[in-house]
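Here's the letter readout for the chains.
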Amino acid sequence: MLLMIPGPIELSPAVKGAAALPAPSHVAPELVAAFGRVLGGMRQVWRAPEGAQPFVLAGSGTLAMEMAVCNVVDPGDAVVVVDTGYFSARMAIMLERRGAQVQLVSAEPGHTVAPDEVEAALQQRPARAVFVTHVDTSTGVRADVQGIARVAKAHGALVVVDGVCATAAERLDQDADGVDVYLTASQKAVGAPPGLAMLVASPGALAARAQLSHLPPLSMDFDAWRPVMKGYESGSPSYFATPATSLILAADAAFADLNASGVEASWSRHQATADRMRAAWQHLGLTLLPHDEAIAANPLSAIRYPDGVDASFLAGVRERGVVLAGGLHPKRKTQYFRVGHMGWVTTRPDLLAATVRAIGESLSDAGHRGDIDAAVVAVAG
Ligand code: PMP
């Protein structure tokens, strides 16, 4: 089976090999070295500012989101959430539970929010922080994080970006773009198995934690974890809570892959892959959920079912050995499906071509005709 959903994803042979090793102790020298390389690797992939702190915790992207929320926002703080879909809605719920005053700036599914709209919200009411989902996995839309961050900074707000479906696949320079927290999870374009929450906090975000009047839960407190992370990065382990040691080894292999050619190459490869996949969708007579290709995300495609086709066609794709995902946005769930094209598969045109062929043939079974051979050539070259 070829796993072509928007995470978890197919892993490189090196990552699979590392994940299969016996779980080391959290103080074993090889684990300490690997943990240090992962944290250093994150600084490179994130383009972290001087004085930033990377964190890696056992958990998923949802934990990273909550960790960001409760370390930079106090109960009563005003915040803005750029609402582009399912995961921004989740961020808003977390912020409400933290007691923040949440102002949503919302887009219809398949659309995004312009920096001007964020500016208007901040002019109405200053905010402690602006929260943005870089790639909304429920709609396949990419937000203009750079533009929104510029506006937020001009209004003195912190910028928190959920990069769970974007980090390493979409351009973002944490330092140059002025992002205070950029968070992700291991199972997407980073290229490791699920199970690690990953986040880099800028000096501004670390200062926000120091100034909180209501402390965050201990298990996700920047200040509880910081000495541990610093320790691993300097080669001397200390204990706060047991890290997911097997996953750290896998993440180490993933960062070695990523940093061997550099994040710039990874961004470009994801862009080129997305361009080829979009050409294939055109040959198959398919249209995207994002209303404009300029905002269509690079790590995945959210594709409308053509007339006469519904989610049952996904079973035909699975019978051909490829696993895809259905719709996720509550307003449009039954109208589209999703194909992940991130991480290791971006180096494997043959696997992308197999995916396109399985989709084309299964659509054809469902009565929708496209030019399958042209679509396959568009992907495989
Ligand atoms: N944010 C985004 C943009 C996501 O795509 C996801 C997962 N699909 C999450 C947050 C939550 O991550 P997890 O499922 O790892 O908790």
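The structure contained in this document is the topic of the report that follows. (Residues numbered from 1 in each chain as written. Predicted model: local features only at pLDDT ≥ 70, side-chain atom pairs only at ≥ 80, totals over all residues. Heavy atoms only, no water.)

### Considerations on the sheet that holds strand S14 (residues 336-340)
Here comes step 1: Taken in spatial order, the three strands line up as S11-S14-S13 in an open sheet, and their pairing is antiparallel. Here the strands that pair on one side only, and so sit at the sheet edges, are strand S11 (300-304) and strand S13 (325-326).
Here comes step 2: Pairing geometry for S13 and S14, over two bridges, is antiparallel. Directly across from Gly326, in S14, lies its bridge partner Phe337. (Pairing = 2+ DSSP bridges. Helix = DSSP H or I, 4+ residues; strand = E, 2+ residues; numbered from the N terminus.)

### As for the pairing of S11
Here comes step 1: Of all the five residues making up S11, four are buried; the element is thus mostly covered by neighbouring parts of the structure.
Here comes step 2: Relative to S14, S11 runs antiparallel, the two being bridged by five bridges. In the sheet register, Ser301 faces S14, and the bridge partner there is Val339. (Buried < 20%, exposed > 50% of the residue type's maximum accessible area, 1.4 Å probe, protein only.)

### Describing the site of the ligand
Here comes step 1: Near the ligand, the surroundings consist of 15 residues, among which Ser60, Thr62, Thr137, Asp162 and Lys188 are the closest.
Here comes step 2: In the model, an oxygen atom of the ligand is placed 2.5 Å from a nitrogen or oxygen of the Ser60 side chain.
Here comes step 3: Note that an oxygen atom of the ligand is positioned 2.8 Å from one of the side-chain N or O atoms of Gln187.
Here comes step 4: Contact with the protein chains removes 87% of the 390 Å² of surface that the ligand exposes when unbound.
Here comes step 5: Counting only elements with at least two residues in the shell around the ligand, the list comes to helix H3 (61-72) and helix H4 (86-97).
Here comes step 6: When residues of the shell around the ligand are assigned to their parent elements, the largest contribution, three residues, is made by H3. (Near = heavy atom within 4 Å. Polar contact = N/O pair within 3.5 Å; in protein donor to acceptor, adjacent residues only side chain to side chain. Areas by Shrake-Rupley, 256 points an atom, 1.4 Å probe, with all protein chains shown as cover.)

### Here's the deal with the environment of Leu196
Here comes step 1: Here Leu196 shows up in strand S10 (residues 196-201).
Here comes step 2: Separated by 173 residues in the primary sequence, Leu196 and Ala23 place their C-alpha atoms 15 Å from one another.

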